[in-house]
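The residues making up each chain are set out below.
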Amino acid sequence: MRVYNTLFRKKEEFLPQGDEVKMYVCGVTPYDDSHIGHAMSYVIFDVIRRYLKFRDYKVKYVQNVTDIDDKIIDRANQRDIPPAELAKKFTDSYFEDMDALNIERADVYPKATGEIAKIIEVIQGLIDKGFAYPADGSVYFRVRKDPDYGKLSHRSLDAMMAGECAIGSEEKEDPMDFALWKASKPGEPFWESPWGEGRPGWHIECSAMSLKYLGEQIDIHGGGQDLIFPHHENEIAQSESFTGKKPFVKYWLHNGLVQLGEDKMSKSLGNLVTIKQALTKYSPDAIRIFILNSHYRSPLKYSEEGLEAAVKAAERLRRAVSRDDSGSGEAFDAESYRKQFIEAMDDDFNTAQALAVLFDLASAINQAGDAGVSIGQAQGTLVSLAREVLGLKLPRTTYLELTERILIRDTVKATVIPDTVNKRVSRLIEERLKCREEKKWQRADEIRKKLDELGVVLEDTKAGTRAAYKRAPSVESLDSFLKELGITL
RNA sequence: GGCGACGUAGCCAAGUGGUUAAGGCGGGGGUCUGCAAAACCCCUAUACACCGGUUCGAAUCCGGUCGUCGCCUCCA
């Protein structure tokens with residue numbers, strides 16, 4: 001397995017340091033609903049973790065929640081609620097989104113506010129070693145003290161200084177020094193510390209948590225490319241200075257950023273689509289396919305067309321695994337596809353390539369099925385790779401037998417079609433079947449067309465008419481159509 | 001200004017030195033069907049931004065040009 005390491009800007013053989021892969025991914029600051037950019041990052045690291053497990057690695061996955069920072073305080077003040085309440089609300093919202101997207105929960109989700117003791121311990125250690133200094137109730141990291149500073153983002157302090165002005169508070173020794181502990185202003189939440197009342201800086205929590213939950217040296221640290229500098233650079237400085245052990249992280253993995261139009265989708269630019277908004281229009285599978293269909297290190301352009309294409313693509317896979325296996329004789333062997341899939345994923349998690357293999361397999365399954373070859377085993381391979389590794393749900397169609405000739409399936413996400421609706425729909429389908437027998441094609445087609453408009457798609461097969469709900473029609477609309485046709489239930 | 005990434009068919013997007021340039025969506029034709037839908041078959045890039053170079057050979061390496069984006073401040 002090869003992975004691209006931001007630290008060396010090249011792909012390297014993946015060799016974890018111990019029996020268990022230690023994986024840390026930067027989590028959210030919960031002051032608003034999560035957007036598609038978050039979806040991209042967490043879907044990707046979910047797939048990476050799933051794939052590691054698929055390849056028989058044990059994985060311990062930690063993700064932080066930055067539940068105290070300036071943004072949270074500002075937003076809470078705007079809404080006139082306590083910062084903790086705001087953070088709780090959007091942390092819950094985050095988990096709802098993650099669950100909806102079928103992202104497996106991390107092993108631990110430490111919160112900044114829950115790790116103050118460890119944070120203080122690390123800061124004190126850095127002061128003791130001369131890497132940090134208190135000033136005016138705050139504590140800063142002395143970047144000039146760390147000779148490696150800049151190794152991840154590949155920039156030098158002097159170059160950074162020469163470029164833009166680093167914004168410095170007067171009490172800093174060097175404008176590039178960053179805060180480990182921030183003295184609290186009046187009215188802000190605070191915790192007691194050896195340096196007075198205050199709260200942790202943003203970067204220190206990740207160093208503290210990863211140290212506490214994963215140890216001094218970890219295998220994978222992930223996040224969006226926008227975190228490379230300064231966040232991850234600072235984490236390295238803190239952790240390696242504190243423990244004296246290098247490297248803090250063996251493989252740094254960064255995903256590309258989602259763009260909306262020409263710009264990066266971000267909270268600060270305000271050009272975002274939330275996960276909740278996207279989920280009202282697109283299935284979780286479609287969203288995952290949209291994300292996984294391009295390489296994780298490339299920027300992803302958000303587009304409705306892209307999502308629509310992904311909806312169709314998801315449907316294609318779902319149909320291939322759902323079709324009846326009426327074949328006989330020797331089974332279709334999907335082993336070569338499985339190998340290709342693994343080969344693709346082994347190469348820096350090339351999910352686009354891996355998906356292409358699954359589409360090829362779907363195609364092969366359809367061909368084999370049409371030819372009367374047994375496809376059950378191949379369908380099993382497709383389903384297991386898609387579900388286990390890519391985290392797709394790929395619900396196998398189940399047909400509800402309303403009558404012996406009418407089969408209804410429900411593809412509407414988490415929607416239970418009420419009996420009242422099923423009853424009316426099946427009555428209409430019965431009517432259409434009758435019309436077809438009597439060769440009243442016009443009336444039959446009218447029923448099919450109207451049902452389609454109401455959200456029910458019909459397909460005539462040898463086994464009978466199959467009905468799929470795209471969405472649940474209202475009883476009223478069905479009743480009015482029944483009345484129009486002069487049919488009583 | 002410094003650092004980095006990208007520019008492949010109508011759209012999205014793999015491929016990063018060598019047979020006919022993946023896959024998805026869309027489009028055209030056909031098989032099946034009463035008609036559809038689904039599925040299947042065929043077609044849909046005259047060399048991959050442009051220019052120059054290295055090489056027996058480049059979309060793939062090097063240099064330049066143009067364009068787009070990201071980071072350098074909070075951000076997945």
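Residues numbered from 1 in each chain as written. Chains lettered and ligands numbered in written order. Predicted model: local features only at pLDDT ≥ 70, side-chain atom pairs only at ≥ 80, totals over all residues. Heavy atoms only, no water.

**Quick word on the sheet that holds strand β12 (residues 263-264)**
Just so we agree on the cut-off: Following DSSP output, two strands are said to pair if at least two bridges run between them. Each helix corresponds to a stretch of at least 4 residues labelled H or I by DSSP, and each strand to a stretch of at least 2 residues labelled E; elements are numbered beginning at the N terminus.
The 3 strands lie next to each other as β12-β11-β13, forming an open sheet whose pairing is mixed. The open sheet has two edge strands, β12 and β13 (300-302), and neither has a second partner. Where strand β11 (residues 258-260) meets β13, 3 bridges bridge the pair, whose relative direction is parallel. Residue glutamine 259 lies in a different strand from β13, and its bridge partner there is lysine 301.

**Observations regarding the domain arrangement of chain A**
When the parts of a complex come together, some accessible area is lost, and that lost area is often used as the size of the interface. To keep it simple, the criterion reads: All domain edges in this entry derive from an automatic or database-based domain assignment. The contact criterion used throughout is that any non-hydrogen atoms of two residues lie within 4.5 Å. The term buried area denotes the loss of accessible surface (1.4 Å probe radius) that occurs when two parts are joined, taken as the sum for both partners. Here a salt bridge means any side-chain nitrogen of Lys or Arg lying within 4 Å of a carboxyl oxygen belonging to Asp or Glu. For this analysis, a polar contact is any N or O atom pair within 3.5 Å, provided that within protein one partner can donate a hydrogen and the other can accept it, and provided that sequence-adjacent residues contribute only side-chain to side-chain pairs.
Per the domain assignment, the segments of chain A are domain 1 (2-278), domain 2 (282-389) and domain 3 (400-485). For domain 1 and domain 2, the distance between their C-alpha centroids amounts to 34 Å. In this complex, domain 1 contributes 32 residues to the contact, which on the side of domain 2 involves 25 residues. Approximately 2,800 Å² of surface area, both sides summed, lies buried where domain 1 meets domain 2, with 65% of it carried by carbon and sulfur atoms. Taken together, domain 1 and domain 2 are joined by 3 salt bridges. Put simply, aspartate 346 and arginine 55 hold a salt bridge, and the shortest N to O gap is 2.7 Å. The tally of links between domain 1 and domain 2 comes to 18 residue pairs in polar contact (both at pLDDT 80 or more). Those elements that provide at least two residues to the side of domain 1 that touches domain 2 are β1 (2-5), α1 (36-54), β10 (249-255) and β11.

**Some details on the packing of α1 against helix α9 (residues 284-292)**
This is how it is decided: For helices, the axis comes from a line fit to the C-alpha atoms of the stretch in contact; other axes are also lines fit to C-alpha atoms, and the angle between any two N-to-C directions lies between 0 and 180 degrees. Oblique is the label for every angle not falling under 35 degrees (roughly parallel), over 145 degrees (roughly antiparallel), or within 65 to 115 degrees (roughly perpendicular). Put simply, Ala, Val, Leu, Ile, Met, Phe, Trp, Tyr, Cys and Pro go in the nonpolar bin, Asp, Glu, Lys and Arg in the charged bin, and everything else, Gly too, in the polar bin.
Close contact between α1 and α9 brings their axes to 10 Å; oriented N to C, the two are set at 85°. In terms of their interaxial angle, α1 and α9 are classed as roughly perpendicular. Contacts between α1 and α9 pair Ala39, Met40, Val43, Ile44, Asp46, Val47 and Arg50 from the former with Arg288, Ile291 and Leu292 from the latter. Here the residues of the contact of α1 with α9 are counted per class, giving 7 nonpolar, no polar and 3 charged.

**Overview of empty space enclosed by the protein**
To find leftover empty space, a probe the size of one water molecule is rolled over the atoms. For clarity, the cut-off: With a 1 Å grid laid over protein atoms only, a set of points is called a cavity when a 1.4 Å probe fits there but cannot get out and a pocket when it is open yet has protein on both sides within 12 Å along at least five of seven lines; lining residues have an atom within 4 Å of a point. Grid points are joined across faces, edges and corners, and a volume is the space filled by probe spheres set on the points.
Scanning the entire structure with this criterion turns up 4 cavities of 30 Å³ or more. The volume enclosed by the largest cavity comes to roughly 40 Å³. Lining the largest cavity, in full, are Ile44, Val47, Ile48, Leu292, Tyr296, Phe349 and Thr351. Broken down by element, the residue count for the lining of the largest cavity peaks at 3 residues, all from α1. Looking at the lining of the largest cavity residue by residue, the classes come out as 6 nonpolar, 1 polar and no charged. Taken domain by domain, the makeup of the lining of the largest cavity includes at least three residues from each of domain 1 (2-278) and domain 2 (282-389). Each pocket or cavity is described by its volume, and for the second largest cavity that value is around 40 Å³. Elements with a contribution of two residues or more to the lining of the second largest cavity: β4 (58-63) and α3 (83-100).

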